[in-house]
Amino acid sequence: MDLPAYTKQQLALRNGQDKPQIWVAYKGLIYDMTDSRLWRNGKHYEHWAGQDLTDELPDAPHTEAVFEKFTPIAKLVKPGSF
């Protein structure tokens, strides 16, 4: 599957506030959490949408298996990789 690519700046706008979409990134993939009841208003406990949560997952009460419930919608590109 060929996914579109977004920068961290583009991801940051999908925080449920600036734009209605609620997206988060994990391990280079972007997931749409807009329909998840756990991400209301772009916030999930102490985490905010529009961010790469890879480094924050070890502190979560769940494992990365939680992302298996969601389909990746895009790739997160590193600066300068275009």
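Shown above is the structure to which this text applies.
Residues numbered from 1 in each chain as written. Predicted model: local features only at pLDDT ≥ 70, side-chain atom pairs only at ≥ 80, totals over all residues. Heavy atoms only, no water.

Asks: How do you make sense of the sheet that holds strand S2 (residues 23–26) when you look at a structure like this?
Replies: Pairing within the open sheet is mixed, and its 4 strands lie in the order S1-S6-S3-S2. Every other strand in the sheet has two partners, leaving strand S1 (5–6) and S2 as the edge strands with one partner each. Bridge analysis of strand S3 (residues 29–32) against strand S6 (residues 72–76) gives 3 bridges, and the strand direction is antiparallel. When the sheet's bridge partners are listed, Tyr31 is paired in S6 with Pro72. (Pairing = 2+ DSSP bridges. Helix = DSSP H or I, 4+ residues; strand = E, 2+ residues; numbered from the N terminus.)

Asks: Explain the environment of Tyr26 here, please?
Replies: Among the structural elements, Tyr26 can be located in strand S2. Using a relative accessible area of 7% as the deciding quantity, one classes Tyr26 as buried. As a C-alpha pair, Tyr26 and Asp52 span 26 residues in sequence and 5.7 Å in three-dimensional space. With sequence-adjacent residues up to four places away left out, Tyr26 is seen in contact with Tyr31, Asp52, Leu53, Thr54, Leu57, Glu64 and Phe67. Among the polar contacts made by the side chain of Tyr26, one reaches the side chain of Glu64 at a distance of 2.6 Å. (Buried < 20%, exposed > 50% of the residue type's maximum accessible area, 1.4 Å probe, protein only. Contact = heavy atoms within 4.5 Å. Polar contact = N/O pair within 3.5 Å; in protein donor to acceptor, adjacent residues only side chain to side chain.)

Asks: Before we go on, may I ask you to explain the pairing of S2 in this structure?
Replies: Working note: regular strand, side chains alternate between the two faces of the sheet. The alternating pattern of S2 places Trp23 and Ala25 on one face and Val24 and Tyr26 on the opposite face, and all of these are buried. Pairing of S2 with S3, which is carried by 4 bridges, proceeds in the antiparallel orientation. Paired with Tyr26 across the two strands is Leu29, which belongs to S3. The antiparallel hairpin formed by S2 and S3 contains 2 residues in its connecting segment, where Lys27 sits at a positive phi of about 50°.

Nothing here speaks to function; it is all geometry.
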